[in-house]
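Spelled out, the chains give:
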Amino acid sequence: MIRLQNIEKVYRTDTIETLALNSISLDVAKGEFLSIMGPSGCGKSTLLNIMGLLDAPSKGNIKIAEKSTEKLNDKQLAQFRNKTLGFIFQSYHLINDLQVLDNVELPLLYRDTTAKERRALATEALEKVGLANRIKHFPTQLSGGQRQRVAIARAIVGRPDIILADEPTGNLDSAMGNEIMDILINLNRNDGTTIVMVTHDENMAHKTHRLVRLFDGSQVQ
Ligand code: ADP
Ligand code: ADP
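- As annotated in an unreviewed UniProt entry, the protein carries the name ABC transporter ATP-binding protein and is attributed to Mucilaginibacter ginsenosidivorax.
- On record in UniProt, under Sequence similarities (unreviewed entry), the comment for the protein is "Belongs to the ABC transporter superfamily. Macrolide exporter (TC 3.A.1.122) family."

Let's talk about the pairing of strand S7 (residues 162–166)
Argument step 1. Taking burial as the measure, the five residues of S7 include five buried ones, the bulk of the element.
Argument step 2. Along S7, one buried face is formed by Ile162, Leu164 and Asp166 and the opposite face, lined by Ile163 and Ala165, is buried too.
Argument step 3. Judged from the five bridges that link them, strand S6 (residues 85–89) and S7 form a sheet pairing that is parallel. Counted as the bridge partner of Leu85 is Ile162 from S7.
Argument step 4. The pairing of S7 with strand S8 (residues 194–198) spans five bridges and is parallel. Looking at S8, one finds that Ala165 is bridged to Met197.
Argument step 5. Once the chain exits S7 it traverses helix H6 (residues 174–191) before rejoining the sheet at S8, and the crossover so formed is right-handed.

Calculation notes
- Residues numbered from 1 in each chain as written.
- Chains lettered and ligands numbered in written order.
- Predicted model: local features only at pLDDT ≥ 70, side-chain atom pairs only at ≥ 80, totals over all residues.
- Heavy atoms only, no water.
- UniProt positions renumbered as here; feature names shortened; annotations may be inferred.
- Buried < 20%, exposed > 50% of the residue type's maximum accessible area, 1.4 Å probe, protein only.
- Helix = DSSP H or I, 4+ residues; strand = E, 2+ residues; numbered from the N terminus.
- Pairing = 2+ DSSP bridges.
- Right-handed = clockwise from strand over helix to strand, strands pointing away.

Right, here's the structure in full:
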């Protein structure tokens, strides 16, 4: 589902060059739940951003869902990303002045859908994460765990093949973190969604199928 070959990422400024990723090759199978661990600054977010086509590598090849994306223009890339990938972040990235339902509908605005279809799909996604009773709340009226569930509903509303999660439980206590993990595990099992998750938490990582460790931009396991 995801194929990275000899990915290198160099960040350049006038004075500094940082080798953030050093020849990473990684295959993620369809239906796999992979976690990525490693110390701060080892390249985890860079790797996830490259997998999510949010950032381009300096060298190497990427295939997502059997497609090479380097020839797509910006608009095609945005469409492909919208259709294929769902993103979840540590700090939720919800829009605070939109109600829960409207936050979840956002990814569908870039697709050919009617308001009625958007509402039905968003309601269904919120039911999946157990938040159907909060659709008219604003994000600031929810707990951290509930906000992250809204963010998951937003990530899955367009039925992506792949979910990329950057420390999804990083801001949550262990009870809420476990709830979020259970939701991700169910999405992976029941819907076959491929998931790549960056985490600092060994307990969360051990619940996934496979763990990749990074150190200084290189894969060590
Ligand atoms: P992690 O997510 O594991 O904490 P990152 O992927 O954020 O690591 O960063 C990897 C390395 O690349 C770090 O050394 C970081 O300082 C550097 N880096 C990240 N983003 C930039 C950037 N935009 N410009 C320059 N260096 C960067
Ligand atoms: P933090 O760990 O500081 O809370 P996040 O987990 O929120 O960071 O974000 C992880 C990475 O994703 C960052 O590199 C950030 O630049 C990027 N990012 C965050 N929000 C978006 C977004 N809406 N679209 C694209 N990239 C984003």
